[in-house]
Amino acid sequence: MEAKKRFILMADVVDSHDKDGKSLMADFQMLVSYTNKIYSESIESPLTITLGDEFQGIVASASIGVDIILAMEEYILEEEFDFKLRYVLYEGVVETPVNPDKAYEMLGSGLTNARKRLNEMKKDTSRFYVSTKSSTSINKMMKVTQHFIDSWHPKDRSTVSGFLQGHDYKALAKIHQKDESTLWRRRRSLAIDEYLLCKDLLHHLING
């Protein structure tokens with residue numbers, strides 16, 4: 001049987017050696033478990049922590065992979081976790097059967113190349129890399145998306161998360177006990193609409 005191309009998703013924690021190990025692992029495991037649960041029907045081999053600060057898995061499509069990456073970024077904001085991830089979404093060959101229980105005991109050039117790319121990214125500032133159809137345009141848009149995410153200060157996380165969960169500025173004003181005009185201005189200064197536009201454009205690029 002000819003080996004099949006799969007969509008491999010890998011990630012590691014940026015500068016994990018600077019974090020408190022126990023706290024990091026608890027939060028990292030929580031993030032991975034949450035993602036596997038929410039996307040259980042779209043993940044062929046569940047995201048599995050292979051080393052202390054890395055995970056790998058196989059997802060159903062490039063579109064799902066990007067959805068998962070951005071969902072994880074938004075969950076990190078929501079929970080105010082003190083770490084950032086570096087991701088690779090790679091379309092490549094997996095020669096062995098896909099393990100539906102854990103992303104272990106699988107071999108193939110796709111997995112090897114994805115890990116190589118993840119290691120290469122440690123020399124760069126980019127946290128997202130996609131290798132699939134239209135990958136050049138997708139990576140450019142991912143870089144813009146990263147700009148917005150990384151521009152959000154930790155003190156703004158709860159506000160950003162509130163907007164991304166669909167609350168309007170009036171609802172958030174009540175939640176944060178602030179003036180409505182203040183939250184209206186925060187939505188603009190935090191570039192929430194621009195971030196959401198990037199997400200929409202990414203889907204058009206991937207599915208186009």
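Model, not experiment: these values are computed from the prediction. (Residues numbered from 1 in each chain as written. Predicted model: local features only at pLDDT ≥ 70, side-chain atom pairs only at ≥ 80, totals over all residues. Heavy atoms only, no water.)

Colleague: In this structure, what is going on with the packing of helix α5 (residues 157-164) against helix α6 (residues 169-176)? I would like to understand it.
Modeller: Two packed helices can be described by the angle between their axes and the distance between those axes. Close contact between α5 and α6 brings their axes to 10 Å; oriented N to C, the two are set at 140°. Classified by the angle their axes make, α5 and α6 are oblique. Viewed along their axes, α5 and α6 form a crossing whose handedness is right-handed. The residues of α6 that touch α5, namely those facing Ser158, Thr159, Gly162 and Phe163, are Tyr169, Leu172 and His176. Along the lines of polarity and charge, the residues of the contact of α5 with α6 split into three nonpolar, four polar and no charged. (Axes fitted to C-alpha atoms, helices over the stretch in contact; angles between N-to-C directions. Helix = DSSP H or I, 4+ residues; strand = E, 2+ residues; numbered from the N terminus. Parallel < 35°, antiparallel > 145°, perpendicular 65-115°, else oblique. Left-handed = near helix turned anticlockwise from the far one by under 90°. Contact = heavy atoms within 4.5 Å. Nonpolar A, V, L, I, M, F, W, Y, C, P; charged D, E, K, R; others polar.)

Colleague: Any chance you could explain the sheet that holds strand β3 (residues 54-59) here in plain terms?
Modeller: Strand order in this open sheet of five strands is β2-β3-β1-β4-β5, and the pairing throughout is mixed. Looking at the sheet topology across the chains shown, the edges are occupied by β2 (43-51) and β5 (128-131). Sheet twist, expressed as the average angle between the axes of neighbouring strands with direction ignored, equals 15°. Looking at chain direction, β2 and β3 are connected through five bridges and run antiparallel. (Pairing = 2+ DSSP bridges.)

Colleague: Looking at this structure, I do not really get the pattern of salt bridges. What am I missing?
Modeller: Per the counting criterion, the structure on display carries 13 salt bridges. Among the ionic pairs, arginine 186 bridges to aspartate 156, the shortest N-O distance being 2.6 Å. Of the two residues, arginine 186 is situated in helix α7 (residues 180-189) and aspartate 156 in the loop between α4 (135-151) and α5; the sequence distance between them amounts to 30 residues. Look at arginine 186 and you get partly exposed, because its relative accessible area is 24%. Using a relative accessible area of 10% as the deciding quantity, one classes aspartate 156 as buried. Taking the shortest distance from any N to any O, the salt bridge between aspartate 193 and arginine 187 comes out at 2.7 Å. Overlapping salt bridges bring together Glu73, Lys84, Arg127 and Asp150 as one network. (Salt bridge = Lys/Arg side-chain N within 4 Å of Asp/Glu carboxyl O. Buried < 20%, exposed > 50% of the residue type's maximum accessible area, 1.4 Å probe, protein only.)

Colleague: Please clarify how the pairing of β5 should be interpreted in this entry.
Modeller: The two faces of a sheet get side chains in turn, since along a regular strand they alternate between them. Of the strand pairs in this sheet, strand β4 (residues 85-94) and β5 are connected by four bridges, and their pairing is parallel. Following the sheet pairing, leucine 89 is matched in β5 by valine 130.

Colleague: Even after reading the chapter, I still don't get the nonpolar core, so can you show me in this structure?
Modeller: Phe55, Ile68, Phe83, Leu85 and Trp152 are the most contacted members of the largest nonpolar core, which has 49 residues in total. Per-element tally for this core: the top contributor is helix α2 (residues 62-79), with 10 residues. Other than its neighbours up to four places away in sequence, tryptophan 152 contacts Leu77, Val160, Leu164, Leu190, Ile192 and Tyr195. (Core = buried A, V, L, I, M, F, W, Y, C linked by side-chain atoms within 4.5 Å.)

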